[in-house]
Amino acid sequence: MIGITESPEGVALALVQFIVQRAASSTDHRLCRVALSGGSTPRRLYEMLARPPWRDQVDWARIEVFWSDERCVPPDDPASNYRMAREALLEQVPIHPAHIHRILGELPPDEAAAAYERTLRKVFRGRAPRFDILLLGMGVDGHTASLFPGTPAIHETMRWVAATEAPTAPHARITLTPVALSHAVDAYVLVTGAEKADMVRTIFKGPRDPDRYPAQLLIDSAYWIMDEAAAARFREP
Ligand code: 6PG
């Protein structure tokens, strides 16, 4: 499931429309649970969602937010995924504070991972973590969330959350595991920029090796929304 837009703005607009539709479609008036991605790609999406006309089309009282991963830094650290989402979206819309489930990056990593796992298992009542919307990105090295190549968390089969290490600072990270990524109702991988074109081709046309290319875990289970630059080599024979 792949969508290609002309520009990064097109990726953001496509996702905003998906989110507004999904948030409106939960007919039983239960909460719509959204796991936010970190990094820089989704910032424009969050900013768009936080402003008219899209902001006014969401019943924010029914939105509950989580994160796909977090850096092990305090919430006001410039590297914090929570801080980026707070500034771009959460401070602009009336989400109930109890519906914002921040990963406690200021704790020791194993404690942060255990606390987030407890939160998720309580929210999902011990059943599968079925996020209504799961947002993810992809790094130039093929990582997604904070599942980095060659790391043990890629092979986690029981836990929903793991503490892990990134090759780039901040090195300590907290991430959803493949178990948690696999149950989403709608998962979206947002990829923009020419620097990712080679890895996009490898993910879809290269050897299947999720340990080396963790984003391959999402080939069949997610909608990949990319701009032309990131998809430039996708169409090559
Ligand atoms: C993070 C993200 C990470 C991100 C990719 C893409 O904490 O950095 O969760 O998985 O989505 O690295 O990052 P960009 O959007 O900045 O290219």
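Draft legend 1. Examining the sheet that holds strand E8 (residues 186-191) more closely. One open sheet holds the 6 strands; their spatial order is E1-E9-E8-E5-E2-E3, and the pairing between them is parallel. Of all strands in the sheet, those bounded by a partner on one side alone are strand E1 (2-5) and strand E3 (63-67). Neighbour to neighbour, the strand axes of the sheet diverge by 20° on average, direction disregarded. The sheet strands contacting helix H4 (residues 109-123) are strand E2 (32-36) and E3, and the helix crosses E3 at an angle near 150°.

Draft legend 2. Layout of the site of the ligand. In the neighbourhood of the ligand, 15 residues make up the surrounding shell, with Ser40, Thr41, Asp69, Ala145 and Lys196 lying closest. Between the ligand and the protein, one listed contact pairs an oxygen atom with a side-chain N or O atom of Ser40 at 2.7 Å. Ala145 places a main-chain nitrogen or oxygen 2.6 Å from an oxygen atom of the ligand. Protein coverage of the free-state accessible area of the ligand, which is 420 Å², stands at 87%. Using a 2 Å cut-off from the grid points, one finds that the ligand occupies the largest pocket. Taken together, the residues that form the shell around the ligand break down as 2 nonpolar, 9 polar and 4 charged.

Draft legend 3. Structural context of empty space enclosed by the protein. Applying the stated criterion to the full structure yields 1 cavity of 30 Å³ or more. Empty space within the largest cavity amounts to approximately 90 Å³. For the largest cavity, the lining is made up of 15 residues, of which Ile19, Val34, Leu49, Trp60 and Ile63 are closest to its centre. Listed by contribution, the elements that provide at least two residues to the lining of the largest cavity are helix H1 (8-25), E2, helix H2 (43-49), E3 and strand E5 (133-137). It is E2 that contributes the most residues to the lining of the largest cavity, 3 residues altogether. A per-class count over the lining of the largest cavity returns 15 nonpolar, no polar and no charged.

Draft legend 4. Region of the structure containing the nonpolar core. Counting 79 residues, the largest nonpolar core has Leu135 and Trp224 as its most contacted members. Ranked by residues supplied to this core, first place goes to H1 with 8 residues.

Draft legend 5. Main features of the pattern of salt bridges. Evaluated as defined, the whole model comprises 14 salt bridges. When the shortest N-O distance is used, the salt bridge between Glu87 and Arg83 registers 2.8 Å. Taken as a pair, Glu87 and Arg83 lie in helix H3 (residues 81-90) at a separation of 4 residues, close to a single helical turn. Put simply, Glu9, Arg44 and Glu47 are held in one network by salt bridges that share partners.

Draft legend 6. Fine view of the sheet that holds strand E7 (residues 172-176). A sheet is described by the order of its strands in space; here 3 strands give the open sequence E4-E7-E6, paired in antiparallel fashion. This sheet does not close on itself; its edge strands, each paired only once, are strand E4 (69-71) and strand E6 (161-165). Taken pair by pair, the neighbouring strands of this sheet meet at an average axis angle of 20°, ignoring direction. Judged from the 3 bridges that link them, E4 and E7 form a sheet pairing that is antiparallel. Each bridged residue has a counterpart across the sheet, and for Arg71 the counterpart in E7 is Arg173.

Draft legend 7. Structural view of unusual backbone geometry. Look at the link from Pro52 to Pro53: it is a cis peptide, with omega at 0°. The residue Pro53 is located in the loop between H2 and E3 in this model. Omega for the bond connecting Ala169 with Pro170 falls within 30 degrees of zero, at -5°, which places this linkage in the cis form. With a phi angle near 55°, Arg125 is a residue other than glycine that sits in the positive phi range. Structurally, the position occupied by Arg125 is in the loop between H4 and E5. For Arg125, a relative accessible area of 63% gives the class exposed. One non-glycine residue, Ala145, lies in positive phi territory at about 50°. Secondary-structure assignment places Ala145 in the loop between E5 and E6.

Conventions adopted
Residues numbered from 1 in each chain as written. Predicted model: local features only at pLDDT ≥ 70, side-chain atom pairs only at ≥ 80, totals over all residues. Heavy atoms only, no water. Pairing = 2+ DSSP bridges. Helix = DSSP H or I, 4+ residues; strand = E, 2+ residues; numbered from the N terminus. Axes fitted to C-alpha atoms, helices over the stretch in contact; angles between N-to-C directions. Contact = heavy atoms within 4.5 Å. Near = heavy atom within 4 Å. Polar contact = N/O pair within 3.5 Å; in protein donor to acceptor, adjacent residues only side chain to side chain. Areas by Shrake-Rupley, 256 points an atom, 1.4 Å probe, with all protein chains shown as cover. 1 Å grid on protein atoms, 1.4 Å probe; cavity = no way out; pocket = protein on both sides within 12 Å on 5 of 7 lines; lining within 4 Å. Sits in = over half its atoms within 2 Å of the grid points. Nonpolar A, V, L, I, M, F, W, Y, C, P; charged D, E, K, R; others polar. Points joined across faces, edges and corners; volume = space filled by probe spheres on them. Core = buried A, V, L, I, M, F, W, Y, C linked by side-chain atoms within 4.5 Å. Buried < 20%, exposed > 50% of the residue type's maximum accessible area, 1.4 Å probe, protein only. Salt bridge = Lys/Arg side-chain N within 4 Å of Asp/Glu carboxyl O.

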